[in-house]
Amino acid sequence: MLLRLPTSLSEARRCLAEGAVPVGGATLVWAQWQRDGFPEQAMSLRRLPEATVVDGETLGAAVLLHQFDDRVPEVLRRAAASIGTGAVRRTATVGGNIVGSTLRCLLPPALVLDARATVMDGDGTYEAELAEVVAKRPLMLGIRWRRPLVSAYRKAPGDVGGPPPLVVATAVHAEQDGGRRLFTAVRDGDDVVSGSVPATADPGRVLDALEGTALGRLPGETRDVVRREVTDILGRADG
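Given the structure is predicted, the values throughout are model-derived calculations rather than measurements. Here the residue index of a chain counts from 1 through its sequence in written order. The predicted nature of this model means local features are confined to residues of pLDDT at least 70 and side-chain atom pairs, given and counted, to a pLDDT of 80 or more, with totals for whole chains, interfaces and linings taken over all residues. To get the side-chain values, all heavy atoms of the structure are used, and hydrogens and water are removed first.

Engineer: Help me out: how do you make sense of the overall build of the chain in this one?
Structural biologist: Helix numbering and strand numbering both begin at the N terminus, where a helix is a DSSP run of H or I of at least 4 residues and a strand a DSSP run of E of at least 2. Each helix and strand in the chain was counted, giving 9 helices and 11 strands. Scaling as 2.2 N^0.38, a compact globule of 239 residues should have a C-alpha radius of gyration of about 18 Å, and the chain matches this with 19 Å. On the principal axes, the C-alpha backbone points of the chain span a range of 60 × 40 × 30 Å. Burial status follows relative accessibility: with a 1.4 Å probe on protein chains alone, a residue under 20% of its type maximum counts as buried, one over 50% as exposed, and anything between as partly exposed. Among the 239 residues that make up the chain, the fraction classed as buried is 44%. Working note: accessible area of the chain is about 11800 Å², and carbon and sulfur atoms make up 48% of it. His is not counted here, nor are the chain ends, while Lys and Arg score as positive and Asp and Glu score as negative. Charge placement uses NZ in Lys and CZ in Arg. For Asp and Glu, CG and CD serve respectively. Distance from the positive charge centre (29 side chains) to the negative charge centre (30 side chains) of the chain: 3 Å. For the radius of gyration, the atom set is restricted to C-alpha positions; the globular benchmark scales as 2.2 Å times the number of residues to the power 0.38. Residue exposure ignores everything except the shown protein chains as possible cover, and the areas themselves are Shrake-Rupley values with a 1.4 Å probe.

Engineer: Hey, could you run me through unusual backbone geometry in this one?
Structural biologist: Most peptide bonds adopt trans geometry, and most residues besides glycine take a negative phi value. Notably, Asp114 is not glycine yet its phi reads approximately 55°, a positive angle. Its relative accessible area of 37% is what places Asp114 among the partly exposed residues. The backbone phi angle of Arg137 is positive, close to 55°, even though this residue is not glycine.

Engineer: I keep staring at the sheet that holds strand S1 (residues 2-4) and nothing clicks. Help me out?
Structural biologist: As a general point, the strands of a sheet are linked pairwise by backbone hydrogen bonds and lie either parallel or antiparallel. Reading across the sheet, the 3 strands line up as S1-S3-S2 and stay open at both edges, with parallel pairing between neighbours. The open sheet terminates on both sides in strands that have one partner only, identified here as S1 and strand S2 (21-22). Strand pairing follows a simple DSSP-based rule, namely that at least 2 bridges must link the two strands. Of the strand pairs in this sheet, S2 and strand S3 (residues 41-43) are connected by 2 bridges, and their pairing is parallel. Looking at the pairing, Val21 lines up with Ala42 of S3.

Engineer: Honestly, the pairing of strand S11 (residues 191-198) in this entry has me stumped. Any pointers?
Structural biologist: The side chains of a regular strand alternate between the sheet's two faces. Taken together, the 8 bridges between strand S10 (residues 180-188) and S11 define a ladder with antiparallel strand orientation. Following the sheet pairing, Leu182 is matched in S11 by Val197. Following S10, the chain reverses through 2 residues before pairing antiparallel with S11; Gly189 in that reversal takes a positive phi of roughly 70°.

Engineer: Would you mind showing me how to read helix H3 (residues 74-81) here?
Structural biologist: Every buried residue of H3 is accounted for by Val75, Leu76, Ala79 and Ala80. Viewed end-on, H3 has its buried residues packed into an arc of 125°, placing them on one side of the element. Taken together, the buried residues of H3 touch strand S4 (58-60), helix H4 (86-89), helix H6 (107-112), strand S8 (150-155) and strand S9 (167-174). The arc under discussion is defined with respect to the helix axis, by the directions toward the C-beta atoms. Should any heavy atoms of two residues lie within 4.5 Å, those residues are considered in contact.

Engineer: Can you walk me through the pattern of salt bridges in this structure?
Structural biologist: Oppositely charged side chains can form a pair if their charged atoms are brought close together. A pairing counts as a salt bridge when a side-chain nitrogen of Lys or Arg comes within 4 Å of a carboxyl oxygen of Asp or Glu. Within this structure, the stated rule accounts for 14 salt bridges. Close ionic contact of Arg236 with Glu74 constitutes a salt bridge, the shortest N to O distance being 2.9 Å. Here Arg236 is found in helix H9 (residues 220-238), whereas its partner Glu74 is found in helix H3, with 162 residues between them in sequence. A residue is classified by how much of its surface remains accessible, and Arg236, at 33% relative accessible area, is partly exposed. Salt-bridge contacts for Asp238 lead to Arg180; the nearest nitrogen and oxygen are separated by 2.8 Å. Here the residue Asp238 occupies a position in helix H9, and Arg180 occupies one in strand S10, the gap between them amounting to 58 residues.

Engineer: Looking at this structure, I do not really get the side chain of Thr213. What am I missing?
Structural biologist: Along the chain, the position of Thr213 falls in the loop between helix H8 (203-210) and H9. According to the relative accessible area criterion, Thr213 is buried, its value standing at 15%. Leaving out residues up to four positions away in the same chain, Thr213 has contacts with Gly195, Ser196 and Val197.

Engineer: What exactly am I supposed to notice about the packing of H8 against H9 here?
Structural biologist: Describing two packed helices takes the angle between their axes plus the distance from one axis to the other. Their axes nearest at 10 Å, the elements H8 and H9 cross at an angle of 140°. In terms of their interaxial angle, H8 and H9 are classed as oblique. Considering the relative orientation of H8 and H9, their crossing is right-handed. For the pair H8 and H9, the contacting residues are Pro203, Val206, Leu207 and Leu210 in the first and Arg227, Val230, Thr231 and Leu234 in the second. The axes used here are C-alpha line fits, helices contributing only the stretch in contact, and every angle between their N-to-C directions lies in the interval 0 to 180 degrees. Roughly parallel means an angle under 35 degrees; roughly antiparallel, over 145; roughly perpendicular, 65 to 115; everything else is oblique. Handedness of a crossing follows from how the near helix is turned relative to the far one, being left-handed for an anticlockwise turn of less than a right angle and right-handed for a clockwise one.

Geometric values such as these leave the question of function open.
This is how it looks when you write it as C-alpha coordinates:
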(Lines give C-alpha, C1' and ligand atoms only; values in the text may rest on other atoms or scores of the structure.)
Protein backbone atom coordinates (compact mmCIF):
# COMPACT_ATOMS: atom_id res chain seq x y z
CA MET A 1 0.00 0.00 0.00
CA LEU A 2 1.31 3.42 -0.98
CA LEU A 3 0.60 6.12 1.64
CA ARG A 4 0.32 9.56 0.08
CA LEU A 5 0.81 12.71 2.18
CA PRO A 6 -0.38 15.78 0.26
CA THR A 7 0.78 19.20 1.42
CA SER A 8 -1.65 21.31 -0.62
CA LEU A 9 -5.33 21.21 -1.55
CA SER A 10 -4.54 20.74 -5.22
CA GLU A 11 -2.32 17.77 -4.41
CA ALA A 12 -5.02 16.28 -2.18
CA ARG A 13 -7.59 16.59 -5.00
CA ARG A 14 -5.16 14.84 -7.32
CA CYS A 15 -4.74 12.00 -4.83
CA LEU A 16 -8.52 11.58 -4.65
CA ALA A 17 -8.83 11.59 -8.41
CA GLU A 18 -6.20 8.87 -8.63
CA GLY A 19 -8.11 6.63 -6.22
CA ALA A 20 -6.33 7.18 -2.91
CA VAL A 21 -8.47 6.12 0.06
CA PRO A 22 -8.65 8.80 2.80
CA VAL A 23 -7.38 7.53 6.15
CA GLY A 24 -6.76 9.26 9.45
CA GLY A 25 -5.14 7.34 12.26
CA ALA A 26 -6.39 4.05 10.75
CA THR A 27 -7.79 3.03 14.14
CA LEU A 28 -11.11 2.14 12.48
CA VAL A 29 -9.95 0.56 9.21
CA TRP A 30 -6.78 -1.35 9.99
CA ALA A 31 -8.54 -4.52 11.14
CA GLN A 32 -10.85 -4.35 8.12
CA TRP A 33 -7.89 -3.99 5.76
CA GLN A 34 -6.14 -6.92 7.39
CA ARG A 35 -9.25 -9.01 6.81
CA ASP A 36 -10.32 -7.80 3.38
CA GLY A 37 -7.05 -6.58 1.84
CA PHE A 38 -5.22 -3.27 1.73
CA PRO A 39 -6.00 -0.60 -0.88
CA GLU A 40 -3.34 0.22 -3.45
CA GLN A 41 -3.19 3.82 -2.23
CA ALA A 42 -4.17 5.59 0.98
CA MET A 43 -4.05 9.30 1.75
CA SER A 44 -3.36 10.98 5.09
CA LEU A 45 -4.02 14.68 5.62
CA ARG A 46 -1.54 15.06 8.47
CA ARG A 47 0.74 17.32 6.38
CA LEU A 48 -2.07 19.44 4.94
CA PRO A 49 -2.20 22.82 6.75
CA GLU A 50 -5.97 23.18 6.28
CA ALA A 51 -6.51 19.83 8.01
CA THR A 52 -4.19 20.36 10.98
CA VAL A 53 -5.31 23.76 12.28
CA VAL A 54 -6.39 24.19 15.92
CA ASP A 55 -7.77 27.54 17.08
CA GLY A 56 -10.72 29.05 18.90
CA GLU A 57 -13.19 28.39 16.08
CA THR A 58 -11.68 25.64 13.93
CA LEU A 59 -10.42 22.06 14.15
CA GLY A 60 -8.76 20.34 11.23
CA ALA A 61 -9.86 16.84 10.33
CA ALA A 62 -6.35 15.45 10.83
CA VAL A 63 -5.99 16.85 14.37
CA LEU A 64 -5.43 14.05 16.87
CA LEU A 65 -7.81 13.78 19.82
CA HIS A 66 -5.03 14.26 22.38
CA GLN A 67 -4.13 17.61 20.78
CA PHE A 68 -7.30 19.39 21.97
CA ASP A 69 -6.37 22.27 24.29
CA ASP A 70 -7.99 25.28 25.99
CA ARG A 71 -8.62 26.98 22.66
CA VAL A 72 -11.29 24.35 22.00
CA PRO A 73 -14.69 24.71 23.75
CA GLU A 74 -15.23 22.59 26.84
CA VAL A 75 -17.84 20.37 25.20
CA LEU A 76 -15.34 19.23 22.53
CA ARG A 77 -12.43 18.84 24.95
CA ARG A 78 -14.43 16.64 27.30
CA ALA A 79 -15.77 14.56 24.46
CA ALA A 80 -12.30 13.92 23.06
CA ALA A 81 -10.93 13.03 26.49
CA SER A 82 -13.65 10.37 26.91
CA ILE A 83 -12.83 8.48 23.70
CA GLY A 84 -10.91 5.23 24.01
CA THR A 85 -7.55 4.94 25.71
CA GLY A 86 -4.63 7.31 25.72
CA ALA A 87 -3.06 5.29 22.92
CA VAL A 88 -6.22 5.63 20.83
CA ARG A 89 -6.41 9.40 21.42
CA ARG A 90 -2.80 9.78 20.25
CA THR A 91 -3.76 8.19 16.93
CA ALA A 92 -7.46 8.85 16.24
CA THR A 93 -8.44 11.99 14.32
CA VAL A 94 -11.33 14.44 14.28
CA GLY A 95 -12.34 13.41 10.77
CA GLY A 96 -12.11 9.73 11.54
CA ASN A 97 -14.42 10.10 14.53
CA ILE A 98 -17.08 12.20 12.81
CA VAL A 99 -17.03 10.64 9.34
CA GLY A 100 -15.49 7.20 9.79
CA SER A 101 -16.86 6.06 13.14
CA THR A 102 -20.29 4.67 13.86
CA LEU A 103 -20.04 6.03 17.44
CA ARG A 104 -19.28 9.64 16.41
CA CYS A 105 -18.61 10.88 19.95
CA LEU A 106 -17.60 14.29 18.57
CA LEU A 107 -20.80 14.75 16.54
CA PRO A 108 -23.11 15.86 19.42
CA PRO A 109 -20.57 18.49 20.60
CA ALA A 110 -20.12 19.75 17.05
CA LEU A 111 -23.90 20.03 16.62
CA VAL A 112 -24.38 22.10 19.78
CA LEU A 113 -21.59 24.41 18.63
CA ASP A 114 -23.64 24.99 15.45
CA ALA A 115 -20.62 23.76 13.50
CA ARG A 116 -20.28 23.31 9.77
CA ALA A 117 -17.76 21.17 7.96
CA THR A 118 -15.33 22.11 5.22
CA VAL A 119 -15.18 19.26 2.72
CA MET A 120 -13.47 18.53 -0.56
CA ASP A 121 -14.48 16.84 -3.78
CA GLY A 122 -13.03 16.75 -7.27
CA ASP A 123 -14.19 20.32 -7.96
CA GLY A 124 -12.74 21.96 -4.86
CA THR A 125 -13.74 22.78 -1.28
CA TYR A 126 -17.08 23.87 0.14
CA GLU A 127 -18.99 24.09 3.43
CA ALA A 128 -21.54 21.45 4.33
CA GLU A 129 -23.99 20.67 7.10
CA LEU A 130 -22.81 17.94 9.46
CA ALA A 131 -25.84 15.81 8.59
CA GLU A 132 -24.72 15.79 4.96
CA VAL A 133 -21.17 14.86 5.96
CA VAL A 134 -22.36 11.92 8.06
CA ALA A 135 -24.71 10.70 5.32
CA LYS A 136 -22.44 11.11 2.28
CA ARG A 137 -19.01 10.69 3.93
CA PRO A 138 -17.03 13.12 1.75
CA LEU A 139 -13.41 14.01 2.45
CA MET A 140 -13.68 16.35 5.45
CA LEU A 141 -10.97 18.96 5.95
CA GLY A 142 -12.23 20.34 9.25
CA ILE A 143 -15.06 21.91 11.21
CA ARG A 144 -15.76 25.53 12.12
CA TRP A 145 -18.13 26.59 14.90
CA ARG A 146 -19.67 29.50 16.75
CA ARG A 147 -18.01 30.24 20.07
CA PRO A 148 -20.56 29.49 22.85
CA LEU A 149 -21.12 31.34 26.10
CA VAL A 150 -20.96 28.01 27.97
CA SER A 151 -20.97 24.35 26.97
CA ALA A 152 -21.01 20.95 28.65
CA TYR A 153 -20.74 17.25 27.87
CA ARG A 154 -22.00 14.18 29.68
CA LYS A 155 -21.20 10.61 28.71
CA ALA A 156 -22.79 7.81 30.71
CA PRO A 157 -20.66 4.85 31.81
CA GLY A 158 -20.56 2.04 29.28
CA ASP A 159 -19.30 -1.52 29.00
CA VAL A 160 -16.57 -2.50 26.55
CA GLY A 161 -18.26 -4.21 23.62
CA GLY A 162 -21.69 -3.11 24.85
CA PRO A 163 -24.12 -0.63 23.30
CA PRO A 164 -22.94 2.95 22.81
CA PRO A 165 -23.29 4.88 26.07
CA LEU A 166 -25.67 7.82 26.27
CA VAL A 167 -24.11 11.16 25.36
CA VAL A 168 -25.68 14.57 26.07
CA ALA A 169 -24.02 17.74 24.80
CA THR A 170 -25.31 21.24 25.54
CA ALA A 171 -24.29 24.81 24.74
CA VAL A 172 -25.73 28.29 25.10
CA HIS A 173 -24.97 30.87 22.40
CA ALA A 174 -25.46 34.62 22.26
CA GLU A 175 -27.76 35.77 19.45
CA GLN A 176 -27.39 38.91 17.36
CA ASP A 177 -30.63 40.32 18.75
CA GLY A 178 -29.24 40.21 22.28
CA GLY A 179 -31.00 37.00 23.27
CA ARG A 180 -29.54 33.57 23.88
CA ARG A 181 -30.17 30.17 22.33
CA LEU A 182 -29.79 26.70 23.78
CA PHE A 183 -28.47 23.88 21.60
CA THR A 184 -28.79 20.27 22.78
CA ALA A 185 -27.67 17.05 21.06
CA VAL A 186 -28.04 13.47 22.27
CA ARG A 187 -26.54 10.18 21.15
CA ASP A 188 -29.00 7.51 22.22
CA GLY A 189 -27.90 4.11 20.98
CA ASP A 190 -26.79 4.51 17.37
CA ASP A 191 -28.91 7.61 16.77
CA VAL A 192 -27.95 11.26 17.23
CA VAL A 193 -30.78 13.78 17.61
CA SER A 194 -30.57 17.49 18.31
CA GLY A 195 -32.66 20.57 18.84
CA SER A 196 -32.36 24.25 19.69
CA VAL A 197 -34.71 26.67 21.43
CA PRO A 198 -34.48 30.20 22.84
CA ALA A 199 -32.73 30.21 26.21
CA THR A 200 -35.17 32.43 28.08
CA ALA A 201 -34.95 33.38 31.74
CA ASP A 202 -37.50 30.71 32.68
CA PRO A 203 -35.89 27.22 32.70
CA GLY A 204 -39.30 25.57 32.77
CA ARG A 205 -40.30 27.24 29.51
CA VAL A 206 -37.01 26.21 27.92
CA LEU A 207 -37.55 22.59 28.93
CA ASP A 208 -41.12 22.66 27.65
CA ALA A 209 -39.92 24.09 24.34
CA LEU A 210 -37.36 21.27 23.98
CA GLU A 211 -40.20 18.77 24.18
CA GLY A 212 -41.44 20.18 20.87
CA THR A 213 -38.18 19.30 19.10
CA ALA A 214 -36.85 15.88 18.05
CA LEU A 215 -35.57 15.49 21.62
CA GLY A 216 -39.15 15.17 22.82
CA ARG A 217 -39.38 11.79 21.08
CA LEU A 218 -36.57 10.25 23.13
CA PRO A 219 -37.39 7.64 25.80
CA GLY A 220 -38.55 9.05 29.13
CA GLU A 221 -35.42 8.04 31.06
CA THR A 222 -33.20 9.69 28.44
CA ARG A 223 -35.31 12.86 28.51
CA ASP A 224 -34.87 13.00 32.30
CA VAL A 225 -31.08 13.07 31.82
CA VAL A 226 -31.44 15.75 29.16
CA ARG A 227 -33.59 17.89 31.45
CA ARG A 228 -30.98 17.71 34.21
CA GLU A 229 -28.17 18.65 31.82
CA VAL A 230 -30.17 21.53 30.35
CA THR A 231 -31.08 22.87 33.79
CA ASP A 232 -27.41 22.78 34.75
CA ILE A 233 -26.15 24.56 31.63
CA LEU A 234 -28.82 27.26 31.96
CA GLY A 235 -27.69 27.84 35.53
CA ARG A 236 -24.10 28.17 34.40
CA ALA A 237 -25.11 30.59 31.66
CA ASP A 238 -26.93 32.76 34.21
CA GLY A 239 -24.02 32.58 36.63
